[in-house]
Amino acid sequence: MTAKENLISAVAEGRTEDAEAGARQALSEGLDVHALVQELTAAMREVGARFERLEIFLPEMMASAEAMMAAMEVLRPALEGGAGDAARATVVMGTTRGDMHEIGKNIVGVMLKANGFQVVDLGPNVDPLVFIKRAAEAGAAVVGISTLMTTTMPAAREVIELMKEYGVRDRYKVMVGGAPTSAAWAKEIGADGWAEDAAGAAALAMELVGGGR
Amino acid sequence: MAPMWDVVERAFTGPFCEEQDYLSRRLIPALQAAVKRHRIKYDPATPVPWDDALADAVWQAAVELFLEAGVYHQDTHRIILFSEEEVREALYAAPESYTVGSGRDARTFGRREVEDARPPFCILSPDITYDEPLFLPVCLAYLREPLLDGFCAPVLESFLGEKIKAYTPLELGGSLEHAMSLREAARLIGRPGVFLVAVGTAESDSAQISVSQEGWGVRPTDSRLVGSITEFMTNNQLLNKAVHYRQYGCFSGSLTGAIYGGYAGGAEGTAVLETAYHLKGLLVHFCSYQQNFPFHLKYGSNTTRELLWVTSVYSQAIARNTRLVQTSNGFANAGPGTDMLLYEAAAHALASTVCGANLWEIATARNKCHNRATPLEARLAAEVGHAAARMRLTRRQANEIVLKLLQRYEAGIPDAPPGREFAECYDVAKARPRPEYLDQYRRVKRELGEMGIRFCY
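Fair warning: this is a prediction, and the values are worked out from it, not measured in the lab.

1. As for the overall build of chain B
1) Next: Looking only at helices and strands, chain B has 15 helices and 21 strands in total.
2) Next: Taking 457 residues into account, the globule formula puts the C-alpha radius of gyration at 23 Å, and chain B, at 21 Å, falls close to it.
3) Next: The buried share among the 457 residues of chain B stands at 67%.
4) Next: Nonlocal contacts in chain B, meaning residues at least 24 apart in sequence, comprise 79% of its contacts between residues at least 6 apart.
5) Next: On chain B, roughly 15,600 Å² of surface is accessible, and the fraction owed to carbon and sulfur atoms is 51%.
6) Next: The average position of the 48 basic charges and that of the 54 acidic charges among the side chains of chain B differ by 5 Å.

Structure representation (structure tokens):
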């Protein structure tokens with residue numbers, strides 16, 4: 001296999017050390033790094049698609065995302081001046097105040113990383129004000145809010161209302177999701193978008209930052 | 001068995017670990033290694049397997065996972081660990097049955113064997129939120145059910161017309177309303193001492209503690225739940241609940257749902273993890289029984305072929321190797337008023353009962369639709385459970401029937417119909433099913449009879 005094929009298969013199969021080595025080899029062979037990153041991103045999208053069909057499971061997708069990030073660390077210095085998908089916007093995300101459930105949010109985080117986003121994960125049980133402050137610190141383009149329970153859904157609206165009161169609502173695209181939520185509810189609370197699952201969330205984030213679905 | 005306060009101490013003194021490292025470097029590798037070591041293999045052709053060696057391998061893998069991974073405490077970032085001796089001791093000391101409820105409504109809630117002739121203990125529960133005015137009628141409708149041994153009421157979404165917000169006084173108010181109305185419903189229907197699992201409206205520890213009251217609230221003869229955080233985690237809120245339930249003296253169930261497709265991986269890992277959750281419930285949350293609801297990551301249900309296998313396998317693993325009391329909580333894809341929901345309820349009850357579990361039935365419409373669950377599908381599940389036990393149905397026979405049921409609903413899972421709301425299926429004022437809904441239930445029951453289920457009446 002060529003260096004490029006080695007690298008892509010290492011990422012697709014979640015072999016972090018091989019991905020790092022493959023990235024170094026690709027650099028030493030003088031491959032077009034921008035084109036390579038595009039192909040790696042496409043490979044990660046295929047990993048995400050396989051996960052959506054449950055042909056693979058979360059541990060395998062996490063391993064691929066880790067391998068992808070390891071490869072990107074090696075390739076990043078060569079990407080100065082235009083990194084394409086790899087330089088997609090930052091998403092600050094968390095679950096609402098009072099909600100300790102975070103697997104859904106974590107899966108979305110992996111999918112976003114797989115699609116080249118920078119992800120700042122605030123974890124579970126996040127105060128509405130913390131969403132806003134951390135989004136400002138990170139220079140986020142998107143704020144992602146996850147909620148699993150009906151009694152923690154109102155806290156998502158609080159984040160959006162607080163953004164308005166702080167006069168920063170227009171700075172961010174807000175996407176929401178979680179088992180009891182719906183597109184109608186997202187619209188009602190003033191979010192910019194809602195996704196039913198992790199793949200939908202990644203596509204929505206791309207759409208919100210102008211990358212298209 | 002490690003005393004309660006010793007376990008709490010370990011939450012502050014165990015090895016430090018960041019949460020993501022616990023998941024990706026400790027829990028997942030330990031689970032994958034245990035599955036591989038014991039050669040556990042999912043067989044889609046046999047959703048209700050009858051291989052005792054498989055069940056025992058899953059049990060061994062679960063014990064090894066629990067000992068190796070430990071349980072993660074999210075607030076202290078420390079891992080709570082146990083020795084094998086402590087695990088064995090706790091398993092030996094665990095009661096195999098309890099007298100729950102009070103007076104003439106008291107029942108024995110106990111462990112069951114694989115292919116046990118004793119009917120399952122049936123806890124009926126809609127597992128979903130309802131409008132505040134519907135709370136009492138829904139409770140009355142469920143409490144009318146003759147095979148109900150215990151009841152877990154709907155969850156309130158509003159209190160005095162205000163949306164409940166978790167961890168606020170509104171949650172506390174909603175929890176009080178929940179406990180009081182539930183107790184009133186039990187008295188009104190003539191089952192004042194019925195075993196109640198309450199209160200689902202209280203997410204926080206403070207709201208749970210506020211309803212521990214023998215007069216109007218939750219009694220020591222009732223049960224509470226300690227819900228778990230995905231996967232294999234605890235925190236101070238959960239330990240506060242667990243400690244309070246012990247000192248109050250009520251029963252408590254360890255509510256856990258390993259996720260198929262999530263950190264657990266496939267069906268094999270999900271079965272091992274759900275089995276291991278019984279040890280977490282016993283040793284970390286000091287629970288009297290285990291309330292299991294493993295579910296499908298994509299659909300949020302557990303009546304798919306993979307999840308029926310998972311349910312069958314962990315139920316057998318526990319029934320064959322421990323004295324622990326377990327319930328199996330159904331999560332269906334379709335909603336009320338559909339044939340599909342009734343087929344799903346029957347499949348879940350059948351697989352669970354013959355494999356040694358008690359029943360907790362049944363969440364509908366992927367547990368996502370407000371006001372959408374009725375007692376009738378739970379009634380059918382309980383009747384199937386009783387029938388399967390009384391006719392000494394074997395796992396192999398149950399597997400044949402479950403395969404026939406899967407033929408009827410499996411293809412419909414991706415686009416399962418959400419069905420209708422409670423008020424469309426029931427006469428709300430009388431808390432009784434509408435005639436056409438009752439006709440549908442009777443028709444499906446006849447079909448199940450033709451498949452080989454001999455109902456008790």
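2. Focus on the sheet that holds strand β1 (residues 71-73) of chain B
Residues and elements named next belong to chain B.
1) Next: Judged by pairing direction, the sheet is mixed, and its 3 strands sit side by side in the order β2-β1-β13 without closing on themselves. Bordering the open sheet on either side are β2 (78-80) and β13 (233-234), each of which pairs with just one other strand.
2) Next: Across 3 bridges, the pairing between β1 and β2 is antiparallel. Bridge assignment links Tyr72 to a residue of β2, and that residue is Ile79.
3) Next: The strands touched by helix α1 (residues 4-13) are β1 and β2; relative to β2, the strand with the most contacts, the crossing angle is about 150°.

3. So, the pattern of salt bridges
1) Next: For the structure on display, the rule yields 38 salt bridges over all chains.
2) Next: Between A:Arg53 and A:Glu55 there is a salt bridge, and its shortest N-O distance comes to 2.7 Å.
3) Next: A relative accessible area of 46% means that A:Arg53 is categorised as partly exposed.
4) Next: Residue classification places A:Glu55 among the partly exposed positions, given a relative accessible area of 43%.
5) Next: In this structure, the salt-bridge partner of B:Lys163 is B:Glu157, at a minimum N-O distance of 2.6 Å.
6) Next: By relative accessible area, which is 45% here, B:Lys163 ends up partly exposed.
7) Next: Several salt bridges share partner residues, and in doing so they unite B:Asp52, B:Asp56, B:Glu115, B:Arg320 and B:Arg395 into one network.

4. Regarding the pairing of strand β4 (residues 173-177) of chain A
Residue and element names in this part refer to chain A.
1) Next: Counting buried positions along β4 yields 4 of 5 residues, so the element is predominantly enclosed.
2) Next: Alignment of strand β3 (residues 142-146) against β4, held across 5 bridges, turns out to be parallel. The partner of Val142 across the bridge, within β4, is Lys173.
3) Next: As for the winding sense of the linkage, the β-α-β connection from β3 through helix α7 (residues 154-165) to β4 is right-handed.
4) Next: At this point the chain moves from β4, through helix α8 (residues 183-189), to the parallel strand β5 (residues 193-194), and the crossover so formed is right-handed.

5. A word on unusual backbone geometry
1) Next: With an omega dihedral of -10°, the bond running from B:Ala198 to B:Val199 counts as a cis peptide bond.
2) Next: Residue B:Ile362 follows B:Glu361 across a cis peptide bond; omega there is -15°.
3) Next: We note that A:Asn125 has phi near 55°; this positive angle belongs to a residue other than glycine.
4) Next: Position of A:Asn125 among the secondary structure elements: in the loop between β2 (118-121) and α6 (128-138).
5) Next: Overall, the relative accessible area of 38% leaves A:Asn125 in the partly exposed class.
6) Next: A positive phi angle is found at B:Phe286, which is not glycine, with a value near 55°.
7) Next: As for its position among the elements, B:Phe286 is in the loop between α9 (267-283) and β16 (289-292).
8) Next: When its relative accessible area of 5% is taken as the criterion, B:Phe286 is described as buried.

6. A word on the environment of B:Pro435
1) Next: Tracing the chain through its elements places B:Pro435 in helix α15 (residues 435-451).
2) Next: Using a relative accessible area of 57% as the deciding quantity, one classes B:Pro435 as exposed.

7. Thoughts on the pairing of strand β4 (residues 107-110) of chain B
All names here are of chain B.
1) Next: Sheet topology places strand β3 (residues 97-100) next to β4; 4 bridges connect them, and they run antiparallel. Bridged to Ser97 within β4 is Gly110.
2) Next: Counting the residues between successive antiparallel strands, the hairpin from β3 to β4 contains 6 residues, one of them, Gly101, with a positive phi of roughly 75°.

8. Observations regarding the packing of helix α3 (residues 52-69) of chain B against helix α4 (residues 84-93) of chain B
All names here are of chain B.
1) Next: Orientation of α3 relative to α4, taken along the N-to-C sense of each, is 125°, at an axis distance of 10 Å. In terms of their interaxial angle, α3 and α4 are classed as oblique. The handedness of the crossing between α3 and α4 comes out as right-handed. From α3, Trp59, Val63, Phe66 and Leu67 reach across to α4, where they touch Glu84, Val87, Arg88 and Leu91.
2) Next: Per-class residue counts for the contact of α3 with α4 are 6 nonpolar, no polar and 2 charged.

About the cut-offs
Residues numbered from 1 in each chain as written. Chains lettered and ligands numbered in written order. Predicted model: local features only at pLDDT ≥ 70, side-chain atom pairs only at ≥ 80, totals over all residues. Heavy atoms only, no water. Helix = DSSP H or I, 4+ residues; strand = E, 2+ residues; numbered from the N terminus. Rg over C-alpha atoms; globule rule 2.2 N^0.38 Å. Buried < 20%, exposed > 50% of the residue type's maximum accessible area, 1.4 Å probe, protein only. Contact = heavy atoms within 4.5 Å. Areas by Shrake-Rupley, 256 points an atom, 1.4 Å probe, with all protein chains shown as cover. Lys, Arg positive; Asp, Glu negative; His and termini not counted. Charge placed at Lys NZ, Arg CZ, Asp CG, Glu CD. Pairing = 2+ DSSP bridges. Axes fitted to C-alpha atoms, helices over the stretch in contact; angles between N-to-C directions. Salt bridge = Lys/Arg side-chain N within 4 Å of Asp/Glu carboxyl O. Right-handed = clockwise from strand over helix to strand, strands pointing away. Parallel < 35°, antiparallel > 145°, perpendicular 65-115°, else oblique. Left-handed = near helix turned anticlockwise from the far one by under 90°. Nonpolar A, V, L, I, M, F, W, Y, C, P; charged D, E, K, R; others polar.

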